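These are the residues of each chain, in order.
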Amino acid sequence: MIMNSANIINAGISEPGKNSVIVITSLNHDFGHGNLKKQVLFDINLDIKSGEIVIMTGPSGSGKTTLLTLVGALRSPQFGSLKILNQELCGAKDNQLVMIRRKIGYIFQAHNLHRSLTALQNVRMGLEMHGTFSPEEMHHHAAEILTEVGLGDRLNYYPEDLSGGQKQRVAIARALVSHPPLVLADEPTAALDSKSGREVVNLMQKLAKEQGCTILLVTHDNRILDIADRIVTMEDGKLTSSLR
Ligand SMILES: Nc1ncnc2c1ncn2[C@@H]1O[C@H](COP(=O)(O)OP(=O)(O)OP(=O)(O)O)[C@@H](O)[C@H]1O
């Protein structure tokens, strides 16, 4: 593992908020209005440091995906405080949410690859939205990270010609190609057999540690808990425990 400053800082005792990528304070969230109003998150407090891999587990319907989408700036927080990379998302304007999204890599259960694009073209998309790379640079970086995830001989394959594990590896390459400081993953192994699931999380862990990025991963898969630096549990909309 390549040690970077983030790992070294995390090895010691650190103050709340310092070197934090995610700082959540007294966060509540409701769905619906009036009689249909339902509170799904209650007084969430969480501080995740740079370079940490945190797994969130908990029963179905407990609020994990809701919290992940709030952290990912994919829905707007209503009450409390949610700071991602020092940007407050409560009350943030749309363009501020868009800027934050560019700094986050997303990996979902269903890989969400574009069927009409090759593996290489799908990964390139992870760079195109930044608008800072030439076509040659995008090609080079996409081919390089696909080779790193073991798909150097599948660059021009379409998703339908790849296995589930290979598709998820393309999704990981797409999420990490721009070296985002934060990666959010929702059930990344749910559609995979245990061997492919293990390969996929090992790969996420390796790339994340090399790049020094922070990962927040939601899973029901007990077989992958060992990759976490910390495990937090959601129950009935409350974070009930935090184990290191
Ligand atoms: N868009 C929505 N509108 C209304 N209610 C919602 C919405 N999204 C989620 N909910 C409700 O919020 C609660 C939490 O859902 P959420 O998907 O966050 O749970 P989860 O822990 O991720 O579940 P799972 O493990 O099954 O994915 C559930 O009761 C769900 O029905």
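Everything quoted here is computed from the prediction, not taken from an experiment. (Residues numbered from 1 in each chain as written. Predicted model: local features only at pLDDT ≥ 70, side-chain atom pairs only at ≥ 80, totals over all residues. Heavy atoms only, no water.)

Another aspect to go through is the overall build of the chain. Counting its secondary structure elements, the chain contains seven helices and ten strands. In summary, the chain has a C-alpha radius of gyration of 18 Å against a globular reference of 18 Å for 244 residues, a match within 12%. Overall size of the chain, expressed as C-alpha extent along the three principal axes, is 50 × 45 × 40 Å. Within the chain, contacts between residues separated by at least 24 positions form 71% of all contacts whose residues are at least 6 apart in sequence. Accessible surface, the chain: about 12,000 Å² in total, of which carbon and sulfur atoms supply 51%. For the chain, the distance from the average position of its 25 positive side-chain charges to the average position of its 25 negative side-chain charges is 3 Å. (Helix = DSSP H or I, 4+ residues; strand = E, 2+ residues; numbered from the N terminus. Rg over C-alpha atoms; globule rule 2.2 N^0.38 Å. Contact = heavy atoms within 4.5 Å. Areas by Shrake-Rupley, 256 points an atom, 1.4 Å probe, with all protein chains shown as cover. Lys, Arg positive; Asp, Glu negative; His and termini not counted. Charge placed at Lys NZ, Arg CZ, Asp CG, Glu CD.)

Okay, the layout of surface pockets next. Roughly 330 Å³ of volume is contained in the largest pocket. Lining the largest pocket are 14 residues, with Tyr106, Met125, Gly126, Met129 and Arg174 sitting closest to its centre. For the lining of the largest pocket, the element with the highest residue contribution is strand 6 (residues 104–108), accounting for four residues. Here the residues of the lining of the largest pocket sort into seven nonpolar, five polar and two charged. (1 Å grid on protein atoms, 1.4 Å probe; cavity = no way out; pocket = protein on both sides within 12 Å on 5 of 7 lines; lining within 4 Å. Points joined across faces, edges and corners; volume = space filled by probe spheres on them. Nonpolar A, V, L, I, M, F, W, Y, C, P; charged D, E, K, R; others polar.)

So, about the domain arrangement of the chain. What the domain assignment lists for the chain is domain 1 (5–103 + 180–243) and domain 2 (114–179). Domain 1 and domain 2 are separated by 24 Å when their C-alpha centres are compared. Here domain 1 packs against domain 2, burying approximately 1,300 Å² in sum over the two surfaces, 68% of which is carbon and sulfur. When residues of domain 1 are sorted by the area they lose upon contact with domain 2, Arg102, Pro180 and Leu207 head the list and together hold 38% of the total. Applying the counting rule to domain 1 against domain 2 returns one salt bridge. Close ionic contact of Lys206 with Glu148 constitutes a salt bridge, the shortest N to O distance being 3.7 Å. For the pair domain 1 and domain 2, the interface holds three residue pairs in polar contact (both at pLDDT 80 or more). (Domains from an automatic or database assignment. Buried area = accessible area lost by both parts, 1.4 Å probe. Salt bridge = Lys/Arg side-chain N within 4 Å of Asp/Glu carboxyl O. Polar contact = N/O pair within 3.5 Å; in protein donor to acceptor, adjacent residues only side chain to side chain.)

Turning next to helix 7 (residues 194–211). Three- or four-residue spacings in an α-helix give side chains the same orientation, since the helix completes a turn every 3.6 residues. Counted at 1.5 Å a residue, the expected span for helix 7 with its 18 residues is 26 Å, and the 26 Å between its end C-alpha atoms agrees. Along helix 7, the residues classified as buried are Ser196, Gly197, Val200, Val201, Leu203, Met204, Leu207, Ala208 and Lys209. You can read the cap of helix 7 off the contacts: a side-chain oxygen lies 3.1 Å from the backbone nitrogen of Lys195, and it is on Asp193. Backbone geometry just after helix 7 places Gly212 at a positive phi near 70 degrees. (Expected span 1.5 Å × (residues − 1). Buried < 20%, exposed > 50% of the residue type's maximum accessible area, 1.4 Å probe, protein only.)

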